[in-house]
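Observations on chain architecture
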Amino acid sequence: MSLTRRQQWRIEKIQAERIARVDKASSHSENLLDDTTQAQTGLVITRYGQRLLIENSSGDLIQCTARRNIESCVAGDQVVFQALGNDGVITALHKRNNALERSHKLIAANIDELWLVVAIEPHYQFDLIDRYLIMAQNTNLAINIIVNKIELSDKIEQVKKDFAMYEDIGYPVHYLSVKAQIGIDTLTTQLDDKAHIFLGQSGVGKSSLINQLIPDLNLRVNEISSKSKLGKHTTTTTTLYHIPTGGDLIDSPGVREFQLDTLNAKEILEGFREFKPFVGQCKFRNCAHINEPNCTIKNALEAGNIHPKRYQSYLNLIK
Ligand SMILES: Nc1nc2c(ncn2[C@@H]2O[C@H](COP(=O)(O)OP(=O)(O)OP(=O)(O)O)[C@@H](O)[C@H]2O)c(=O)[nH]1
Ligand SMILES: [Mg+2]
Ligand SMILES: [Zn+2]
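Cut-offs and rules
- Residues numbered from 1 in each chain as written.
- Chains lettered and ligands numbered in written order.
- Predicted model: local features only at pLDDT ≥ 70, side-chain atom pairs only at ≥ 80, totals over all residues.
- Heavy atoms only, no water.
- Helix = DSSP H or I, 4+ residues; strand = E, 2+ residues; numbered from the N terminus.
- Buried < 20%, exposed > 50% of the residue type's maximum accessible area, 1.4 Å probe, protein only.
- Contact = heavy atoms within 4.5 Å.
- Areas by Shrake-Rupley, 256 points an atom, 1.4 Å probe, with all protein chains shown as cover.
- Lys, Arg positive; Asp, Glu negative; His and termini not counted.
- Charge placed at Lys NZ, Arg CZ, Asp CG, Glu CD.
- Donors = N, O, S within 2.8 Å, 3.2 Å for Na, K, Ca; no water.
- Near = heavy atom within 4 Å.
- Polar contact = N/O pair within 3.5 Å; in protein donor to acceptor, adjacent residues only side chain to side chain.
- Nonpolar A, V, L, I, M, F, W, Y, C, P; charged D, E, K, R; others polar.
- Salt bridge = Lys/Arg side-chain N within 4 Å of Asp/Glu carboxyl O.
- Expected span 1.5 Å × (residues − 1).
- Phe/Tyr/Trp six-rings, centres within 6.5 Å; stacked < 30°, edge-to-face > 60°.

**Looking at the overall build of the chain**
When helices and strands are counted, the chain shows eight helices and 13 strands. Summarising its shape, the C-alpha atoms of the chain cover approximately 70 × 50 × 35 Å along the three principal directions. A total of 319 residues make up the chain; the buried ones form 48% of that total. Looking at the chain alone, contacts between residues at least 24 apart form 63% of all its contacts between residues at least 6 apart. Carbon and sulfur atoms make up 48% of the accessible area of the chain, which totals about 17,200 Å². Of note, the chain has its 37 positive side-chain charges centred 7 Å away from the centre of its 37 negative side-chain charges.

Rendered as structure tokens:
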């Protein structure tokens, strides 16, 4: 169903009024008796189907459904809701700082930092890593790479060489093993008082890691298939957890593949942060940096200033 601009404007106006009313009610206790008292601001913890779990300001969880005219809410969203007994209804969505989208699907909102988790098994893939980095670049969010299960590698030097390519262009890389308890403490000190989200393929250990970082949580984790070495899609909903020392951690379900089909060629190019100094200086203004003569990107590649794997990844994505 698509709304006319006028309908859209009207819905936004009503939502803004509801938000303003709750803000006002919470600052004027004399309003406590009018019928808006049950309207409160809450945080979306998770969504399953049409139902949402909302946390109110006292930390209680309330199951809610959203009014039909409210845009889809996701973990991390701030909403206005009215509790009706044990149930509730969401009546307005607060303006987001940002929204994270993957393959046209909204994943989470109001994120401060992304953590891409990869592993020795299922083995990391450069093109998938590059897709996440491009997504981060285009949403203006900091992204860190976690390489988990390093105790499984007998070629750790090669692994470090592979990821040096990312460290060289400014992405922090953390080598970790949940099983062998390597690197966990250092990671803990990096998770500050912000909203962090763990992303990556199924079976890399996102939930296992969150279980380490938030004791007593006991999230379900699952063996990866011994035959295909792929994860079994154990986590099915994106869920926000509070870190006891401050900050939030969002666990998300692993995906095997994702396309950057919401991005155009320019955005994909901008997603390669180390290409930036060379962009805009090619002989042809509309240079696609493939076969054109006097292309500064290709010159940078030949001079060793752009890694061949990254350039190949660029070609794969724009073709
Ligand atoms: N060998 C080894 N196995 C690990 C390590 N960390 C996690 N695992 C195992 O990897 C498997 C998958 O872990 P999960 O935490 O379920 O992975 P996930 O990324 O949350 O997967 P989805 O929820 O499907 O996206 C489990 O059997 C874990 O015990 C590690 O450091 N080393
Ligand atoms: Mg999981
Ligand atoms: Zn060029």
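**Some points on the coordination of the magnesium ion (ligand 2)**
For the magnesium ion (ligand 2), every protein donor is listed as Ser207 (OG) and Thr235 (OG1), and the spread of their distances is 2.0 to 2.1 Å. Placement of Ser207 in helix 5 (residues 206-213) and of Thr235 in the loop between helix 5 and strand 12 (239-242) is noted, with a sequence separation of 28 residues between them. Accessibility assignment for this pair places Ser207 and Thr235 in one class, buried.

**Quick notes on the site of ligand 1**
As a structural note, the neighbourhood of ligand 1 is formed by 23 residues, with Glu151, Ser202, Ser208, Thr234 and Thr235 the closest of them. Here an oxygen atom of ligand 1 sits 3.3 Å away from a polar atom, N or O, in the side chain of Ser177. Contact between ligand 1 and Lys206: an oxygen atom at 2.8 Å from a side-chain N or O atom of the residue. In the complex, the protein chains occlude 90% of the 660 Å² of accessible area that ligand 1 would expose alone. With three residues, helix 5 is the largest single contributor of residues to the shell around ligand 1. The residue inventory of the shell around ligand 1, partitioned by class, reads five nonpolar, 13 polar and five charged.

**With respect to the coordination of the zinc ion (ligand 3)**
Coordination of the zinc ion (ligand 3) by the protein comes from Cys282 (SG), Cys287 (SG), His289 (ND1) and Cys295 (SG), over a distance range of 2.0 to 2.4 Å. Taken in chain order, the donor set of the zinc ion (ligand 3) reads C-x4-C-x1-H-x5-C. Like Cys287, the residue Cys295 is buried in the burial classification.

**Overview of the pattern of salt bridges**
In this structure the tally under the stated criterion is 10 salt bridges. Note that Asp77 is salt-bridged to Arg96, the shortest N-O span being 2.8 Å. Taken together, the residues span a long stretch of sequence, with Asp77 in the loop between strand 3 (61-66) and strand 4 (78-84) and Arg96 in the loop between strand 5 (87-93) and strand 6 (99-102) at a distance of 19 residues. Exposure remark for Asp77: the relative accessible area of 0% places this residue in the buried category. Here Asp127 ties to Arg131 by a salt bridge, and the two come within 3.6 Å at their closest N and O atoms. Here Asp127 pairs with Arg131, and both are found in helix 2 (residues 126-138), just four residues apart, close to one helical turn. Of the residues examined, Arg131 reaches a relative accessible area of 9% and is grouped as buried. Through salt bridges with shared partners, one network takes in Glu71, Asp77 and Arg96.

**Some points on helix 2**
Helical geometry note: an α-helix holds 3.6 residues per turn, so side chains three or four residues apart project in the same direction. Look at helix 2: 18 Å from first C-alpha to last across 13 residues, which is about the 18 Å you get at 1.5 Å a residue. Looking only at helix 2, the buried set comprises Leu128, Ile129, Asp130, Arg131, Tyr132, Leu133, Ile134, Met135 and Ala136. Positive backbone phi, approximately 60°, marks Asn140, located one or two places after helix 2.

**Examining the side chain of Glu113**
Secondary-structure assignment places Glu113 in strand 8 (residues 113-119). In this structure, Glu113 is in contact with Ala142, Asn144, Lys194, Ala195, His196 and Ile197, ignoring residues within four places of it in sequence.

**Section: the environment of Leu52**
Here Leu52 lies in strand 2 (residues 51-55). What makes Leu52 buried here is its relative accessible area of 0%. Residues Leu52 and Thr65, spaced 13 residues apart in sequence, show a C-alpha to C-alpha distance of 6.0 Å. In contact with Leu52, not counting residues within four places along its chain, are Val44, Thr46, Arg47, Ile62, Gln63, Cys64, Ala66, Cys73 and Ile90.

**What about the packing of aromatic side chains?**
Tallied over the entire structure, the rule returns nine aromatic pairs. Look at Trp115 and Phe198: their rings are 6.4 Å apart centre to centre, the planes differ by 55°, and that puts the pair in the tilted class. With a gap of 83 residues between them, Trp115 in strand 8 and Phe198 in strand 11 (residues 195-199) connect regions that are remote in the sequence. With a relative accessible area of 0%, Phe198 lands in the buried category.

Just geometry here; none of it tells us what the structure is for.
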